[in-house]
Amino acid sequence: MAKAKSVLRGDPRLEKLRWSGRLSLTSRILFVNVLPLVLLGGGVLYLDSYRKQLLDERFKLALVEAQITAEALAGATPQRQEALLIQIGKEQRLRIRVYGPAGNLESDSFQLAPPSFDLPEPSEVDQTDFALRTDRWFDRVVGAPALPDYRQPEMDSVDAWPELVRAREESLTQIVLRDAPDGTHVINAAAPVGLDGDTLLITRNPVDITQSVREARTTVAMVVLLFLLVSTLLSFFLAQTIVRPLRELVQAAVRVRQGRDRQVEVPRLPDRRDEIGMLARAVSDMTAALRHRIDAVESFAADVAHEIKNPLASLRSATESLAKVDDPELRAQLLDIATHDVRRIDRLVTEISDASRIDAEMSRTEFERVDMAELLQNTVASREERGENEGRKITITTKGEAHVVSGVGIRLERIIENLLDNAVSFSPAGGTIDAQLVRREGRCVLTICDEGPGIPEEKREKVFHRFHSDRPEGEDFGNHSGLGLAIGRTIADAHEGTLHVEGRPDGRSGACFVLDLPAAPR
């Protein structure tokens, strides 16, 4: 049963499960869902930067206007001052006020001529207006500092405007930004006028800045909404590309679990190079491995029943005949037959137990460094002491150094034992068994050759099948279970190695069994 695991372990189809380098589902989902947020965040930052840039330009303009107007008013007659206030206020859409040395208001362009702009009172503004509420939300999002409200004082004097007070104290132009009740901005620029102690206050309501920002904000909102719509549609499409193949996999998995159709095809989705495709191919390979394992178990069970049935039938016949036979010699023969059958059944049960648990045992065992040369020599010496070589001579040849592999020593010894058992069975009495251990290209290769009749090429793979027993002439039937070579290959597969048979390289009759294992790193 370990064969299924080893086949999948070396299966080139597993290469398809490796990451292809294309966009993963995680990347696609993040892209689809994060893009509108990125656009929204970028749009907000752009709008904030855009508004600051416009305000900076107006600050510079207000500074220049205040200084130029102050110079123009300095030394002018009262009549000329009023004419300049009217002309500049009308042309530049400004409110210009001049305060005397005592701090009282002396001239106001809005009193001398019709106002160039009109600021509503707070009571006149609808606080639920969408544009106004959006302005406040936008300011909170970008963390804009709160601006003082613009209020027209009841007693208009220098003391009512902090910027005028500072301009008088520092003799420098002062600029202050305030919020109008309708959400627009108000820019105040205060500057000293001449040397007589007069002070100038210029007020501008740059409505175009607010309008430009709102128009840009509307454009950004439309772009974000458009991308949000596209993102939603792409999300639905992406969900379908995920859900549909998953449903197909679920349906196939349910049919496999129910076992109603042994030929259920699990979709492999070869065109998908993302996680779904990797999952589909993994499930398909897993299903193939399970089928292989189930088929192996069923075949194994059938073979076990067949192999045990013969000695049981013989044992039953012998025991039933014992009660009817009085001849001591014949009874002794029947007892020998029964004893032989019991040993045969015991051997079968032991081999079957080993064959069934090796796969699970090898998957849990931690490998260690095993010196194959030392293991081979110890195994041959132990067999000589037990007389299991039956007069056959075993020669050991090692080529190269460090014949060390990673594995389970007792299981690798089992392979050697089984190969030597097989070689002893087929070698003639007094024959020689050659065991050669070679290290080449990062592999440790053990070859055990006998002097038997050899194995035809078309039958070489069959000898590794369970319960295959093509025994030499003259050997008592039932002395071997037919599981030794199958167990050996199972252990070799679990060590990521191979076990196969080939003809003798010297052209003589006989067979060579080759165990090829990866060498452990030095």
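Every chain begins its residue count from 1, and numbering advances along the sequence as written. The predicted origin of the model limits local features to residues at a pLDDT of at least 70 and limits the giving and counting of side-chain atom pairs to 80 or more, whereas totals for whole chains, interfaces and linings rest on all residues. Side-chain calculation: all heavy atoms of the structure are included, whereas hydrogens and water are not.

(A) Summary view of the overall build of the protein chain. Under the DSSP-based scheme used, a helix requires at least four consecutive residues in state H or I and a strand at least two consecutive residues in state E, with every element numbered from the N terminus. Check the secondary structure of the protein chain and you find 12 helices and 12 strands. Burial status across the protein chain gives 41% buried among its 522 residues. Contact between two residues is taken to exist if any of their heavy atoms lie within 4.5 Å; hydrogens are not considered. Restricting the contact set of the protein chain to residue pairs at least 6 apart, pairs at least 24 apart contribute 69%. The protein chains shown are the only cover counted for residues, whose accessible areas, like all others here, come from Shrake-Rupley with a 1.4 Å probe. Just so you have it, the protein chain exposes about 29,400 Å², and 55% of that area is on carbon and sulfur atoms. Accessibility here uses a 1.4 Å probe with only protein chains present; expressed as a share of the type maximum, an area under 20% marks a residue as buried, one over 50% as exposed, and anything in between as partly exposed.

(B) The confidence of the model for the protein chain, seen in detail. With 88% of its residues at a pLDDT of at least 70, the protein chain reaches an overall mean of 81. For every residue, the predictor reports its confidence as pLDDT, a number between 0 and 100. When mean pLDDT is compared element by element in the protein chain, strand E1 (residues 95–99) scores highest at 94, while helix H1 (residues 2–9) scores lowest at 39. Every residue in residues 1–21 scores below 50 in pLDDT, and together they form 40 contacts with partners more than four places removed in sequence or on other chains.

(C) Up close: the side chain of Arg204. Within the fold, Arg204 resides in strand E5 (residues 198–204). Here a polar contact means two N or O atoms within 3.5 Å. Within protein one must be a hydrogen donor candidate and the other an acceptor candidate, and residues neighboring in sequence count only if both atoms are side-chain atoms. A polar contact of 2.4 Å, which involves the side chain of Arg204, links it to the side chain of Glu65. Reaching out from Arg204, the side chain makes a polar contact with the backbone oxygen of Gln92 at a distance of 3.5 Å. Beyond its immediate sequence surroundings of up to four residues, Arg204 is in contact with Leu61, Glu65, Gln92, Leu94, His185, Val186 and Ile187.

(D) Representation of the pattern of salt bridges in the model. What makes a salt bridge here is a side-chain nitrogen of Lys or Arg within 4 Å of a carboxyl oxygen of Asp or Glu, nothing more. One pass over the full model with this rule turns up 23 salt bridges. Of the charged contacts, one joins Arg95 and Asp108 as a salt bridge, the two residues approaching to 2.7 Å between their closest N and O atoms. Note that Arg95 is positioned in strand E1 and Asp108 in strand E2 (residues 105–108), a separation of 13 residues in sequence. Using a relative accessible area of 1% as the deciding quantity, one classes Asp108 as buried. The closest approach of N and O atoms between Arg392 and Glu390, which form a salt bridge, is 3.6 Å. Since its relative accessible area comes to 13%, Arg392 is described here as buried. When its relative accessible area of 52% is taken as the criterion, Glu390 is described as exposed.

(E) Structural context of the sheet that holds strand E4 (residues 185–193). Two strands form a pair only when DSSP identifies at least two bridges running between them. The five strands lie next to each other as E2-E1-E5-E4-E3, forming an open sheet whose pairing is antiparallel. In this open sheet, the two edge strands, each paired with only one partner strand, are E2 and strand E3 (174–179). Taking each pair of neighbouring strands and ignoring which way they run, the sheet shows an average axis angle of 20 degrees. As paired elements, E1 and E2 share three bridges and run antiparallel to each other. Paired with Arg97 across the strands is Asp108, a residue of E2. Lying over the sheet, helix H3 (residues 78–92) contacts E1, E2 and E5, oriented at roughly 150 degrees with respect to E1. Note on geometry: axes are C-alpha line fits, over the in-contact stretch for helices, and angles between N-to-C directions span 0 to 180 degrees.

(F) A nonpolar patch on the surface, seen in detail. Residues enter patches when they are more than 30% accessible in relative terms and free of salt bridges; like-charged ones are connected within 9 Å and nonpolar ones (Val, Leu, Ile, Met, Phe, Trp, Tyr) within 5 Å. Together, Val223, Leu226, Phe227, Val230 and Leu234 make up an exposed nonpolar region whose accessible area comes to about 380 Å². Summarising the element assignment, Phe227 is placed in helix H7 (residues 207–258). Of the residues examined, Phe227 reaches a relative accessible area of 32% and is grouped as partly exposed.

(G) Structural view of the nonpolar core. Here, nonpolar core refers to any group of buried Ala, Val, Leu, Ile, Met, Phe, Trp, Tyr and Cys residues whose side-chain atoms link them within 4.5 Å. Grouped together as the largest cluster of nonpolar side chains are 39 residues, with contacts concentrated most on Met372, Leu412, Ile448, Phe513 and Leu515. Looking at this core, the elements with two or more residues in it are helix H9 (328–364), helix H10 (372–386), helix H11 (409–426), strand E9 (432–440), strand E10 (443–449), helix H12 (484–494), strand E11 (498–503) and strand E12 (511–518). The dominant element in this core, judged by the number of residues it contributes, is H11, at seven residues. Those residues within four positions of Leu412 in sequence are excluded, and the remaining contacts are Val370, Met372, Leu375, Val405, Ile491, His495 and Leu517.

(H) Region of interest: the packing of aromatic side chains. A pair of aromatic rings is counted whenever rings of Phe, Tyr or Trp (Trp by its six-membered ring) have centres within 6.5 Å, and the orientation is called stacked for planes under 30 degrees apart, edge-to-face for over 60 and tilted otherwise. In total, this model carries four aromatic pairs according to the counting rule given. Arranged with centres 5.1 Å apart and planes meeting at 65 degrees, the rings of Phe110 and Phe117 form a pair that is edge-to-face. With respect to class, Phe110 is no different from Phe117; both count as buried. Directly above the aromatic system of Phe464 lies the positively charged group of Arg489, at a separation of 4.0 Å from the ring centroid. Note on criteria: charge over ring means Lys NZ or Arg CZ within 6 Å of the ring centre, with the direction from the centre no more than 35 degrees off the ring normal.

(I) Structural context of the state of the cysteines. The criterion for a disulfide is a pair of cysteine sulfur atoms lying within 2.5 Å. What the rule picks out here adds up to one disulfide. The partner cysteine of Cys449 in its disulfide is Cys512, sulfur to sulfur 2.0 Å. Judged by the torsion about the S-S bond (110 degrees), the Cys449/Cys512 disulfide is right-handed. Placement of the pair is Cys449 in strand E10 and Cys512 in strand E12, with a sequence separation of 63 residues. Summarising the burial analysis for this pair, Cys449 and Cys512 share the class buried.

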